[in-house]
Each structure stands twice: as structure tokens, then as C-alpha cells.
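Letter by letter, the chains look like this.
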Amino acid sequence: MSIGRPALYQRLISRLIGGLGLALLSTTTALAEYGLTFQAPVSPIGERLLDLHNLVLIICAVIFVIVFGAMFYSIFAHRKSRGAKAAKFSHNTTAEVIWTVIPTIILIVMAVPSAKALIDMEDTSNADVTVHITGYQWKWKYEYPTYGVSFISNLSTPRAQIENKEKKGDHYLLEVDNPLVLPVGKKIRFVITADDVIHSWWVPQLAVKKDAIPGYVNETWTTIKTPGTYRGVCAELCGKDHGFMPIVVNAVSAEEFETWASKEKDKHVKAQQAAAAKTTWSKEDLMARGEKVYAANCAACHGPKGEGVAIFPKMAGSKVANGPAAAHIDMVLKGTTKGMPPFGAQLNDADIAAVITFERNAFGNKAGDIVDPAKVKAARK
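Worth saying up front: this structure is predicted, and the values here are computed from it rather than measured. (Residues numbered from 1 in each chain as written. Predicted model: local features only at pLDDT ≥ 70, side-chain atom pairs only at ≥ 80, totals over all residues. Heavy atoms only, no water.)

*Asks:* Looking at this model, I keep getting lost on the sheet that holds strand β2 (residues 139-144). Mind explaining?
*Replies:* In sheet architecture, strand pairing relies on hydrogen bonds along the backbone and comes in two forms, parallel and antiparallel. What the five strands build is an open sheet, ordered β3-β2-β1-β5-β8; its pairing is mixed. Two strands close off the open sheet at either side, each with one partner strand: β3 (149-153) and β8 (218-223). Going across the sheet, the axis of each strand differs from the next one's by a mean of 20°, ignoring polarity. In this sheet, β2 lies alongside strand β1 (residues 129-136) in antiparallel orientation, the contact comprising five bridges. Looking across to β2, one finds that threonine 134 is bridged to lysine 141. (Pairing = 2+ DSSP bridges. Helix = DSSP H or I, 4+ residues; strand = E, 2+ residues; numbered from the N terminus. Axes fitted to C-alpha atoms, helices over the stretch in contact; angles between N-to-C directions.)

*Asks:* Explain the pattern of salt bridges to me, please; I cannot follow it from the model alone.
*Replies:* Two side chains of opposite charge can pair, provided their charged atoms sit close to one another. As enumerated under the stated definition, the model contains twelve salt bridges in all. The partner of lysine 240 in a salt bridge is aspartate 241, with the nearest N and O atoms 3.0 Å apart. A salt bridge links aspartate 369 to arginine 360; the shortest N-O distance between them is 2.9 Å. Owing to a relative accessible area of 25%, aspartate 369 belongs among the partly exposed residues under this scheme. Taking relative accessible area as the criterion, arginine 360 reaches 2% and is therefore assigned buried. Within the structure, one salt-bridge network assembled from shared partners comprises Arg48, Lys116 and Asp120. (Salt bridge = Lys/Arg side-chain N within 4 Å of Asp/Glu carboxyl O. Buried < 20%, exposed > 50% of the residue type's maximum accessible area, 1.4 Å probe, protein only.)

*Asks:* Teacher, can you tell me more about unusual backbone geometry here?
*Replies:* Apart from glycine, the bulk of residues carry a negative phi angle, and the bulk of peptide bonds sit in the trans form. The step from glutamine 137 to tryptophan 138 runs through a cis peptide bond, and the omega angle for that step is -5°. As for its position among the elements, tryptophan 138 is in the loop between β1 and β2. Phi angles above zero are rare outside glycine, and asparagine 126 is one such case at about 55°. Inspection of the secondary structure puts asparagine 126 in the loop between α4 (93-121) and β1. In the Ramachandran plot, phenylalanine 363 falls in the positive-phi region, its phi being about 60° despite a non-glycine side chain. Note on placement: phenylalanine 363 falls in the loop between α10 (349-361) and α11 (373-380).

*Asks:* When you look at the pairing of strand β5 (residues 187-194) in this model, what are you seeing that I'm missing?
*Replies:* As a general feature of sheets, a regular strand has side chains that alternate between the two faces. Within β5, six of the eight residues are buried, leaving the element largely enclosed by the surrounding structure. In the sheet, β1 pairs with β5 via seven bridges, with the strands oriented parallel. Bridge pairing links valine 129 to isoleucine 188 in β5. In the sheet, β5 pairs with β8 via six bridges, with the strands oriented antiparallel. Residue isoleucine 188 lies in a different strand from β8, and its bridge partner there is threonine 222.

*Asks:* Please clarify how the environment of threonine 157 should be interpreted in this entry.
*Replies:* Position of threonine 157 relative to the elements: it lies in the loop between β3 and α5 (159-162). Considering only alpha carbons, one finds threonine 157 and glycine 169, twelve residues apart in sequence, at a separation of 8.1 Å. Look past the residues within four positions of threonine 157 in its chain and what remains in contact with it is Ile162, His171, Tyr172, Leu173, Leu174 and Glu175. A distance of 3.0 Å separates a polar side-chain atom of threonine 157 from the backbone nitrogen of leucine 173. (Contact = heavy atoms within 4.5 Å. Polar contact = N/O pair within 3.5 Å; in protein donor to acceptor, adjacent residues only side chain to side chain.)

*Asks:* Help me understand helix α7 (residues 283-297) in this model?
*Replies:* Every α-helical turn comprises 3.6 residues, leaving residues that sit three or four positions apart pointing alike. The first and last C-alpha atoms of α7 sit 20 Å apart over 15 residues, in line with the 21 Å expected at 1.5 Å per residue. Residues of α7 that are buried make contact with β2, α8 (299-302) and α10. (Expected span 1.5 Å × (residues − 1).)

*Asks:* How should I be thinking about the packing of α10 against α11 in this particular structure?
*Replies:* Helix packing geometry: the angle between the two helix axes and the distance between the axes. Interhelical geometry of α10 versus α11 gives an angle of 115° and a closest axis separation of 8 Å. Comparing their axes, α11 and α10 come out roughly perpendicular. By crossing handedness, the relation of α10 to α11 is classed as right-handed. Here Asp349, Ala350, Ile352 and Ala353 of α10 lie close against α11, whose contacting residues are Pro373, Val376, Lys377 and Arg380. Tallied by class, residues from the contact of α10 with α11 come to five nonpolar, no polar and three charged. (Parallel < 35°, antiparallel > 145°, perpendicular 65-115°, else oblique. Left-handed = near helix turned anticlockwise from the far one by under 90°. Nonpolar A, V, L, I, M, F, W, Y, C, P; charged D, E, K, R; others polar.)

Structure below.
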């Protein structure tokens with residue numbers, strides 16, 4: 001049995017209205033799964049920003065309905081085919097007062113909570129914990145000055161997943177080797193800068209997004225209410241591997257944080273003592289350590305197998321890797337004007353010595369020598 005065109009239109013409109021109704025009746029959680037709202041905030045500022053967003057959205061929706069409702073009604077009710085004739089008048093004082101006063105009130109209703117939220121977002125005073133964050137291409141360095149703890153956080157997604165040789169994990173490109181650990185219920189002050197280009201430290205659920213600018217220090221803060229793992233990214237286009245610069249924050253209880261900080265400090269001190277005490281380094285030890293350092297810091301530009309990536313030069317057969325060791329050390333410490341960042345502030349003497357030794361003896365390079373940490377230490381002076 002065929003369906004008449006009016007009946008078909010009616011059925012289509014009914015289904016459309018039904019679908020919209022189901023969407024409007026969906027829970028916040030369901031909407032979040034479809035990406036139609038914010039990630040659930042876990043900080044007081046995040047909750048205020050979400051409330052402010054919802055308030056402004058409702059005001060805009062009401063204005064939209066009133067303005068377009070009046071417009072469409074006027075078009076329909078006063079159309080020429082119904083014999084409507086345009087009125088002629090120059091002004092209406094009452095209407096002019098109304099459309100001046102009402103928008104002013106609306107702006108005040110939106111401006112007052114917005115201004116208060118912005119002022120509170122900039123108040124970094126009386127912080128319980130301070131974390132220094134430095135952006136590098138393409139990693140983050142975290143320092144806790146009060147606790148004597150510092151480390152580099154790199155992307156830990158396996159290269160095989162990035163190259164589509166393995167199935168991508170649940171947190172593809174959003175996982176790191178060393179997450180930032182923070183205590184819940186404490187005011188945390190972030191001091192943010194960068195060493196090379198502009199980055200942006202952004203964790204949506206913490207309501208923190210601040211640019212990291214070379215030669216300039218930005219500040220922001222948060223208080224995390226709920227323990228958990230929260231993920232973010234660099235939100236500023238910072239170069240070739242901009243999309244490979246994730247942020248992972250592990251929020252734990254204050255007691256767990258103190259325990260973690262104490263263990264990290266002990267580990268850092270012991271590592272420094274071990275490196276200082278070790279006066280002789282075998283080629284095997286340096287090569288093993290250097291391979292790990294290369295994978296975390298150099299493979300993104302020079303390729304996992306030293307083959308080079310895009311405009312970045314090959315390590316295999318490199319004149320630097322096969323030339324004088326002193327020049328190689330100087331380049332790694334100070335960087336170059338052609339895009340290579342200085343690693344002197346990022347890596348310790350042992351790591352730099354290891355990665356240089358690895359580069360000079362891997363990928364078919366046959367320099368054959370080793371660089372020990374003492375040489376790197378001397379080159380820093």
C-alpha cells in the first residue's frame with residue numbers, strides 16, 4: 001500500500017521530533033559520551049566554569065527563541081498574501097528603552113559571575129604545593145622545589161601503535177612514562193614556562209589551561225577534589241610532534257603524595273650518588289642506557305632507526321656522530337639554530353654521555369669511541 005505525500009511528511013516529522021525529544025531527555029552522562037558537554041570537572045574552578053557556561057548557554061537559548069520566534073511569527077502573520085500593510089513610524093520611546101535596558105541587565109547578569117571567576121582563577125596565593133612546569137619539544141619537565149623532586153614526562157605510546165603496526169591502546173597518545181602526581185584537597189600552584197617554543201599546558205577536568213612561553217613565566221592553580229587519573233594535551237601548535245605531547249595527572253591522597261615524594265627524592269639522590277661514584281663506564285652499560293634515552297628524546301626527529309624524519313637529518317652516517325666527540329657533546333648540550341633544542345637542562349651528564357655513545361656506535365656508525373659522564377661535565381663549564 002503506497003503512502004500519500006502528506007502522510008509521509010507527517011511520519012518523517014514525527015520521527016524527527018521524537019528523536020529530538022529523546023536527545024533532550026538524555027542524561028548528562030549520556031550526552032557526555034556523544035561529546036556534547038564538558039568533561040566532568042573535578043576542581044572548584046572547573047565546576048564554576050561549567051555553571052557559568054550553562055548559565056550563558058541558557059540565556060543565549062532564551063534570546064534565540066524570543067528573537068527568532070518573534071521574527072518568524074511576524075513573517076507568517078503579517079505577510080503580504082494576508083493583506084498586511086507596513087506601518088510607518090519614526091521611533092517608539094518605550095521600545096527603545098526596553099531594548100536598551102534588558103540587554104544591559106543581561107550583560108550584568110553574565111558579567112558579574114564571569115569577572116569573579118576570572119579574578120579567582122588568577123589568585124595563586126596561599127598554595128600548599130608548587131609545581132614548576134617547563135615545556136620542551138615534545139615533553140614536559142616537572143619540578144617540585146619544596147620536595148627536591150624533578151623529572152621529565154614523555155609519551156609512552158609504543159611506536160608500533162603510532163605506525164599502525166599494532167592495535168591502538170585505550171589511551172593512545174594520552175599515556176606517559178612519568179605522570180605528574182598531585183595531592184587531592186590541596187591548593188596547587190603551577191609555575192609554567194617553556195625552553196624552546198610556545199606550548200600550552202591543558203588538563204580539561206582540572207580547568208587548567210595556560211601557555212608556556214620561552215622567557216616568560218605564567219601562573220595558575222587548581223584544587224583537585226577527587227582522586228583519579230586525568231589526561232590532557234599541549235594545546236598550542238608547537239611543531240612536528242605537537243600531537244605527541246600528552247599530560248597525565250595522578251591525583252592521590254595527601255598521605256600517598258607525601259610517601260611518593262619521599263620515595264622519588266630518595267631515588268633521585270641515590271641515582272645521582274651512583275652516577276657520581278661510578279668512575280668507569282663500560283661501552284655496554286653506556287649503549288644500553290643510551291638506547292633508552294635515544295628512544296625517549298631523539299627518535300621523534302632522527303627516527304627510531306636513525307633514518308631521519310622529514311626535515312630532520314639522519315643519524316645513520318651522520319657527520320656529527322662520526323666526527324669529533326667534543327663537537328657532538330657541544331651540539332647535544334647547546335642545541336643548534338636549525339631546530340634541535342639544547343638538552344643540557346633536560347638530561348643529566350650520564351644520560352647525555354650514554355646517548356652520545358649510542359649514537360656514535362649504532363645505526364651503522366663506527367666512531368668506535370665512548371663518551372663518559374666526566375667529559376660531559378667538563379664540557380658544561
